[in-house]
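Tertiary structure, described
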Amino acid sequence: MIDPGCTRARLLAEIEATNSTGEPLSDITDPRVATADAHVRVCGRGRKDLFPLLKIALCERFASVPRPQLIRDLLMPLKNALGNAFKHGNGSDPGKRVSVEIMLTRKGALLAVTDEGTGFDFARTFRRFQQQETYFENHGSGFRNLHQAMSTVAYENGGRTVLLCFRPTKESLEPASRLPALEPVAVGNSPAVERSVPPGGKHGEAFKRAETTDLIPGGKMLPSTAGETPAATFWRAPCANNSESSPAKLLDGEWMRTSLSTELPEFANGGARLESCRIYATRGRFGDDCGNRYLLRVAGPGGGPAETRILTGRFHATTTRAAADFDAATRLHDAQISKHLRIPKPAARLAGEPRLVLYEFDSWMTLSEYLTYRGSFRALRKCAGKIGQALAALHGSPLVFPGGETDPLGLQERVASAEKNLQTLSAGSDLVNRFRLTFQRILQRAAFRPQQELTPIHGALSWDCIRYGVDGRFYLYRFETCRRSDPGLDLGGCTADLLCFTLANHDKEAYRVCLDHFLGTYNSEAAHPMSNEDLLDYTVLALVERLGRAGPSTHAGAGQLLAALDIASTTRTGGAKSEGT
């Protein structure tokens with residue numbers, strides 16, 4: 001929340017920071033940022049070049065903080081502050097810089113974002129915001145976004161500096177000494193944002209320099225969850241007999257740098273030089289299931305300034321699944337099927353570990369997390385329509401995925417598995433009898449479906465496969481199950497999660513409206529429209545499948561899934577009409 005009367009000294013005291021006149025670190029990727037009391041100062045043009053690096057470093061530092069808390073109280077306010085500094089403070093002038101000064105202690109963090117603009121009367125502006133007046137000419141929402149965070153937000157330096165004090169709850173702030181330690185992964189010079197002293201630099205003496213005595217001895221780090229099932233993770237992932245050390249290799253910066261330098265054409269052909277590779281392994285309560293991040297510092301052929309790139313790595317249980325993921329992603333990316341739901345660009349499969357697929361992509365929220373933060377029914381309905389358009393484009397594309405199956409639809413096996421899931425529940429027999437007719441209708445439609453109605457599908461679509469990237473775009477992810485099959489499988493997976501989300505955050509009427517909009521936009525562009533009644537059958541199938549996988553790590557618990565299942569199996573609304581967007 002915004003507190004105009006709060007001072008830097010008070011906020012420093014709240015995180016128990018001590019004074020020091022030492023020079024701050026200029027490299028946000030320094031391993032001390034993750035484990036020690038540290039003072040860092042970096043500079044860039046704005047959100048586009050600063051936020052990806054700051055996000056990845058702060059996620060490592062606060063890995064023990066739950067995702068909703070870190071997103072709401074630190075990452076989103078920081079992203080908004082960086083955007084405001086560039087757009088409003090610096091007037092979108094690329095020649096001006098935005099400086100970020102960070103103080104990290106075991107109690108939390110204080111961030112100071114400073115622009116080179118003329119400043120503004122923040123006290124008067126905040127009063128107008130509180131009185132619900134228009135507080136900026138462009139009707140901005142910057143104050144509203146900052147005020148909804150639990151962190152303390154204040155201003156200084158004539159409005160040119162915004163202070164953001166993040167103090168995690170005591171039970172979620174894991175002491176640095178108890179977190180898994182980082183292995184030595186950097187090679188050469190670590191990636192860094194350019195040095196700078198901010199206009200408000202006179203306050204820098206209030207920060208404490210990083211202390212190397214607080215570093216943790218080297219140890220084993222929990223590798224990341226890099227796939228949608230436990231079998232597709234770094235940690236405890238099944239290993240082939242001849243590559244039992246693969247997970248360790250993938251956390252070795254020297255091995256990764258050498259492999260990428262040899263195998264990526266841009267480096268192998270001498271066009272550029274890979275100076276270093278810093279690895280951020282997904283771990284802790286904030287860890288996502290997207291994969292480890294590989295931060296590369298790349299020097300151009302002309303001797304210009306080095307650039308930073310972030311790759312995301314997925315480690316598969318088998319080489320076959322990795323090959324399928326890489327091949328399908330490459331085809332989908334090259335086809336550019338949708339501007340609403342982009343495909344991350346596959347960067348490489350390394351010969352030394354062919355089960356690793358690297359993407360030029362950095363996610364930081366799932367679709368559910370994005371919509372939870374927005375908290376808006378309008379945003380939910382808009383996203384539903386955009387996903388409907390994107391799926392229509394995917395299902396209407398001429399792509400052909402290699403490989404065939406005895407049951408190309410996969411329906412026989414999925415239906416049998418769904419019935420087995422229901423039988424394991426306490427009320428299993430009643431549920432099986434209730435939904436058996438639904439399953440039979442799906443199989444009957446499949447038996448009489450013309451071959452030309454089979455389409456390229458994602459194959460395991462859920463909202464966890466739709467990611468919001470640091471670049472502000474939505475991406476479709478995880479492609480190892482792509483094949484030519486029944487489009488209802490994709491649609492049912494999407495609407496199952498839509499139903500669970502609206503029940504948890506809105507109501508049944510919101511689900512009906514968003515369902516109609518989703519199906520309407522899909523049918524307006526799909527070669528083979530789907531009826532509302534048919535879609536509900538696929539929704540039931542997807543919910544039963546999710547019920548069988550429900551566990552502590554599942555976003556929707558068994559109770560919520562059963563409630564959604566009851567609605568999906570009993571609700572029959574009017575058919576969706578085609579509508580544009």
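One can find the structure itself at the top, above this paragraph.
Residues numbered from 1 in each chain as written. Predicted model: local features only at pLDDT ≥ 70, side-chain atom pairs only at ≥ 80, totals over all residues. Heavy atoms only, no water.

**Points about the packing of aromatic side chains**
Counting across every chain of the model gives 10 aromatic pairs. Ring centres of Phe51 and Trp364 lie 5.2 Å apart, and the angle between their planes is 70°; on these two criteria the pair is classed as edge-to-face. Here Trp364 lies in strand β11 (residues 363-366) and Phe51 lies in helix α3 (residues 47-61), a separation of 313 residues in the sequence. In textbook terms, an aromatic cluster arises when at least three aromatic residues are bridged by ring pairs, as seen for Phe51, Trp364, Tyr370, Tyr468 and Phe474. Between Arg67 and the ring centre of Phe286, over which it is positioned, the NZ or CZ distance is 4.4 Å. Here the basic side chain of Arg314 rests over the ring of Tyr477, its NZ or CZ set 5.6 Å away from the ring centre. (Phe/Tyr/Trp six-rings, centres within 6.5 Å; stacked < 30°, edge-to-face > 60°. Helix = DSSP H or I, 4+ residues; strand = E, 2+ residues; numbered from the N terminus. Lys NZ or Arg CZ within 6 Å of the ring centre and 35° of its normal.)

**Focus: the sheet that holds strand β6 (residues 273-280)**
Strand order across the open sheet formed by 5 strands is β6-β7-β8-β10-β9, with antiparallel pairing between neighbours. In this open sheet, the two edge strands, each paired with only one partner strand, are β6 and β9 (345-350). Strand-to-strand twist across the sheet, computed as the mean angle between neighbouring axes with direction ignored, equals 30°. Pairing analysis gives 5 bridges linking β9 to strand β10 (residues 353-360), with the strands arranged antiparallel. When the sheet's bridge partners are listed, Pro346 is paired in β10 with Tyr359. (Pairing = 2+ DSSP bridges. Axes fitted to C-alpha atoms, helices over the stretch in contact; angles between N-to-C directions.)

**Points about the sheet that holds strand β14 (residues 474-476)**
Hydrogen bonds along the backbone pair up the strands of a sheet, which may run parallel or antiparallel. Ordered by their spatial adjacency, 3 strands build an open sheet running β11-β13-β14, and the pairing between neighbours is antiparallel. With partners counted over all chains shown, the strands left at the sheet margins are β11 and β14, one partner each. Taking the axes of each pair of neighbouring strands and ignoring which way they run, one obtains an average angle of 40° across the sheet. Pairing between strand β13 (residues 466-469) and β14: 3 bridges, direction antiparallel. Across the sheet, Arg467 pairs through a bridge with Tyr475, a residue of β14. In this fold helix α11 (residues 367-374) packs onto β11, β13 and β14, with an angle of close to 75° to the strand it touches most, β11. (Contact = heavy atoms within 4.5 Å.)

**Let's talk about the packing of helix α12 (residues 377-395) against helix α15 (residues 487-505)**
Where α12 meets α15, the closest approach of the two axes is 11 Å, and the angle between their N-to-C directions is 170°. With respect to each other, α12 and α15 are oriented roughly antiparallel. Seen from α12, the contacting residues are Leu380, Ile387, Leu391, Leu394 and His395; seen from α15, they are Pro487, Asp490, Leu491, Cys494, Leu498, Phe501 and Thr502. Residues that form the contact of α12 with α15 fall into these classes: 9 nonpolar, 2 polar and 1 charged. (Parallel < 35°, antiparallel > 145°, perpendicular 65-115°, else oblique. Nonpolar A, V, L, I, M, F, W, Y, C, P; charged D, E, K, R; others polar.)

**Brief notes about the side chain of His395**
Within the secondary structure, His395 sits in helix α12. Beyond its immediate chain neighbours, meaning those up to four positions away, His395 contacts Thr455, Pro456, Ile457, Pro487, Asp490, Leu491 and Tyr522.

**Points about the environment of Ala324**
When you line up the elements, Ala324 lands in helix α10 (residues 319-335). Taking C-alpha positions, Ala324 is 9.9 Å from Arg478, a pair spaced 154 residues apart along the chain.

**As for the pairing of strand β8 (residues 307-315)**
Burial of β8 is extensive: 7 of the 9 residues sit out of reach of the surface. Looking at chain direction, strand β7 (residues 292-299) and β8 are connected through 7 bridges and run antiparallel. Bridging across to β8, Asn292 finds its partner in Gly313. In this structure, β8 lies alongside β10, joined through 4 bridges in antiparallel fashion. Each bridged residue has a counterpart across the sheet, and for Phe315 the counterpart in β10 is Leu356. (Buried < 20%, exposed > 50% of the residue type's maximum accessible area, 1.4 Å probe, protein only.)

**Topic: empty space enclosed by the protein**
One water molecule sets the probe size; rolling that probe over the atoms shows where empty space is left. Applying the stated criterion across every chain, the model contains 4 cavities of 30 Å³ or more. Here the largest cavity is characterised by a volume of approximately 240 Å³. What lines the largest cavity is a set of 20 residues, among which Cys59, Glu60, Thr282, Phe286 and Arg293 lie closest to the centre. Put simply, the parts of the chain that give the lining of the largest cavity at least two residues each are α3, β7 and β11. The class makeup of the residues in the lining of the largest cavity is 9 nonpolar, 5 polar and 6 charged. Approximately 50 Å³ is the volume found for the second largest cavity. Taken together, Leu371, Leu380, Cys383, Ala384, Ile387, Trp463, Cys494, Leu498 and Phe518 make up the lining of the second largest cavity. (1 Å grid on protein atoms, 1.4 Å probe; cavity = no way out; pocket = protein on both sides within 12 Å on 5 of 7 lines; lining within 4 Å. Points joined across faces, edges and corners; volume = space filled by probe spheres on them.)

**Points about the pattern of salt bridges**
Considering all chains together, one arrives at 30 salt bridges under this definition. Taking the shortest distance from any N to any O, the salt bridge between Asp288 and Arg293 comes out at 2.8 Å. Residue Asp288 shares its accessibility class with Arg293, and that shared class is buried. Put simply, Arg546 and Asp497 hold a salt bridge, and the shortest N to O gap is 3.0 Å. Here the residue Arg546 occupies a position in helix α17 (residues 532-549), and Asp497 occupies one in helix α15, the gap between them amounting to 49 residues. Residue classification places Arg546 among the buried positions, given a relative accessible area of 10%. (Salt bridge = Lys/Arg side-chain N within 4 Å of Asp/Glu carboxyl O.)

**Side note on helix α4 (residues 67-89)**
Largest kink in α4: about 35°, centred on Leu75, with the proline Pro77 one to four residues after it. Positioned one or two residues after α4, Gly91 has a phi angle of 60°, which is positive. (Bend = angle between axes of the 7 residues up to and from the residue.)

**Here's the deal with the pairing of strand β2 (residues 98-105)**
Across a regular strand the side chains alternate sides, sitting on one face of the sheet and then on the other. Where burial is concerned, most of β2 is hidden: 8 out of the 8 residues are buried. Neither face of β2 is open: one carries Val98, Val100, Ile102 and Leu104, the other Ser99, Glu101, Met103 and Thr105, and all of them are buried. With 7 bridges joining them, strand β1 (residues 38-44) and β2 adopt antiparallel strand pairing. Bridging across to β2, Val42 finds its partner in Val100. Note: β2 against strand β3 (residues 108-114), 7 bridges, orientation antiparallel. Bridge pairing links Thr105 to Gly108 in β3. The turn joining β2 and β3, which pair antiparallel and follow one another in sequence, is formed by 2 residues.

So yeah, pure geometry; function would need other evidence.
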